[in-house]
Amino acid sequence: MLKGKRIAVIGTGYVGLVSGACFAYLGHRVIGLDVDTNKIERLKRGEVPIYEPGLDRILKKAIEDGNIEFTTDYSYAVKNADYIFIAVGTPSREDGSADLSYVESAYRSIAEFIDGDDFKVIVNKSTVPVGTGRWAKEFIAGLLREKGVKEPEKRFEVVSNPEFLREGKAVEDFMNPDRVVVGADNREVAGLVASLYEPLQPPILITDLPTAEMIKYASNAFLATKISFINEIANVCEKLGADVTVVARGMGLDHRISPHFLRAGCGFGGSCFPKDVKALIHTAKSVGEEPRLLESVIEVNERQKLRPVEKLLKHIPDLEGRTVAVWGLAFKPETDDMREAPSIPIIRELLARGATVKAYDPVAVENARRVFEKELHTHPQRLIFTSDMYSALEGADALILVTEWPQFKEVDFDKLRGKVVIDGRNLWNPTLMRKYCTYESIGRS
Ligand code: UDX
């Protein structure tokens, strides 16, 4: 029987909420804290403010078991927890570096409520630049010293425990981790944090602080590199009559390569890959390195996002007055997240070329309206969001598939008859599609 540990999670975004709910589900006693009162009120009522499959079920069970509560009160959260997880945002700044202002403000609020006889384990779950953990130790110790706490270093330890959660699969990933990485200068404390995951029996890697921080960046950068790599290969395949999907399968059978993250398409988006690769580039440069490979990963990706429009122009060179349907707006299926989604530059390019865009996504339309607020204002007649996939096709000369939601796979082929279809995710069978429409995909001639 698990002896539940007292955990606070600062930040109830998708990482914080998923981690908090899953820890509570495992039997720990969790306090979720956010500065957003509205969000906390919703969570108290058991409402899940984000779209994340399985999260509502886990959260409901945790609430029923009395293992999770929500608050906006730092004093309450810090006093009633031994482990304080930081899961606040670290957005990109203009120059690509990570903006640590939310993390810093969380450290300040935590330090305010640490007393002279406490020992708190402060765990960074947010992705923070390599070196942040060691800096945080000095920063928090300084804050404690300022308020008169004696031997502040003995009152807390900072630990890095990066998350590897995919949106849309975050609960599944938390519950079945490939590994749990815990980095700390104090190995004993690292072991305590690792033991929170004991019920999951994951492979555990205990490291020092900067190494754990780097594992997160290097992992995301490597996966992003695989995607840009296969996209570059796809573009060459097209010209030579090779099929990139089969090339990827052939490569993936080599266990040193693995078949994952080799799906060619119209580029990667999301809240992690673009931001983390840019932050790693920034960090590398700040220590005098020239991270050419990483820079190319971003460059290839930016170009790849517009590949579907280039393909469309081969068939309809002048888009002025033409109508283009776009299926899939979120950066990937099973999420309503629009951050860095390839649909954004694609739709902007189509509008800039004079086309009318009819766009559909099963869950991301509301967020898309916010992203395209300016365009909806400037071209109210030329950007239309539809409530079902087939309405987007009405009157359309062409269709671009940007996000491979499963429901698009089961398309009624008759509805595509005579149109130009650009399949940005290699979702459909080319031979079958060519019976109905002018069809192009990525890396398959
Ligand atoms: C990613 C990491 O997988 C996760 O470990 C990390 O913690 C956060 O970032 P996420 O951004 O949710 O997760 O999505 P993921 O499923 O990894 O896909 C990222 C992007 O890459 C998507 O836009 C997806 O369409 C694209 N992708 C993925 C490809 O283009 N090809 C692939 O083979 C795989």
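Sequence order as written defines the numbering, with residues in each chain counted from 1. Selection of residues for local features in this predicted model requires a pLDDT of at least 70, selection of side-chain atom pairs for listing and counting requires 80 or more, and totals for whole chains, interfaces and linings are taken over all residues. Here the side-chain values reflect all heavy atoms present in the structure, with hydrogen atoms and water set aside.

Under an unreviewed UniProt entry, the protein chain has the name UDP-glucose 6-dehydrogenase and belongs to Thermovibrio ammonificans. UniProt positions are given in the numbering used here, feature names are shortened, and annotations may be inferred rather than shown by experiment. Taken from UniProt, the Sequence similarities (unreviewed entry) comment for the protein chain reads in full: "Belongs to the UDP-glucose/GDP-mannose dehydrogenase family."

1. Here we look at the state of the cysteines
Note that a disulfide, as used here, is simply two cysteine sulfur atoms within 2.5 Å. Considering all chains together, one arrives at zero disulfides under this definition. Cys237 takes part in no disulfide bond, and the closest cysteine sulfur, belonging to Cys266, lies 17 Å away. Left without a disulfide partner, Cys266 is nearest to the cysteine sulfur of Cys437, which lies 17 Å away.

2. Section: the sheet that holds strand E4 (residues 83-86)
Here eight strands make up an open sheet; going across it, the order is E3-E2-E1-E4-E5-E6-E7-E8 and the pairing mixed. Two strands close off the open sheet at either side, each with one partner strand: strand E3 (68-71) and strand E8 (204-207). Averaged over neighbouring strand pairs, the angle between their axes works out to 25° when direction is ignored. With five bridges connecting them, strand E1 (residues 6-10) and strand E2 (residues 29-33) associate as parallel partners. Of the residues in E2, the one forming a bridge with Ile7 is Val30. Should any heavy atoms of two residues lie within 4.5 Å, those residues are counted as being in contact. What counts as an axis is a line fitted to C-alpha atoms, over the stretch in contact for a helix, and the angles between N-to-C directions run from 0 to 180 degrees. A run of H or I in DSSP becomes a helix once it reaches four residues, and a run of E becomes a strand once it reaches two; helices and strands are each numbered from the N terminus. Of the strands in this sheet, E4, strand E5 (120-124), strand E6 (156-160), strand E7 (180-184) and E8 touch helix H8 (residues 187-195), which is tilted by about 155° from E8. Here, any two strands with at least 2 DSSP bridges between them count as paired.

3. Focus: the site of the ligand
Distances are taken per atom, and a residue is near a molecule or strand as soon as one of its heavy atoms is within 4 Å of it. In the vicinity of the ligand, 18 residues are found, and the nearest of them are Glu167, Arg263, Cys272, Phe331 and Lys332. Polar contact is the term for a pair of N or O atoms within 3.5 Å; when the atoms are in protein, one must be able to donate a hydrogen and the other to accept it, and sequence-neighboring residues count only if both atoms are side-chain atoms. A distance of 3.2 Å separates an oxygen atom of the ligand from a polar atom in the side chain of Lys216. In the shell around the ligand, the residues fall into nine nonpolar, two polar and seven charged. Residues were grouped as follows: Ala, Val, Leu, Ile, Met, Phe, Trp, Tyr, Cys and Pro as nonpolar; Asp, Glu, Lys and Arg as charged; and all remaining residues, including Gly, as polar.

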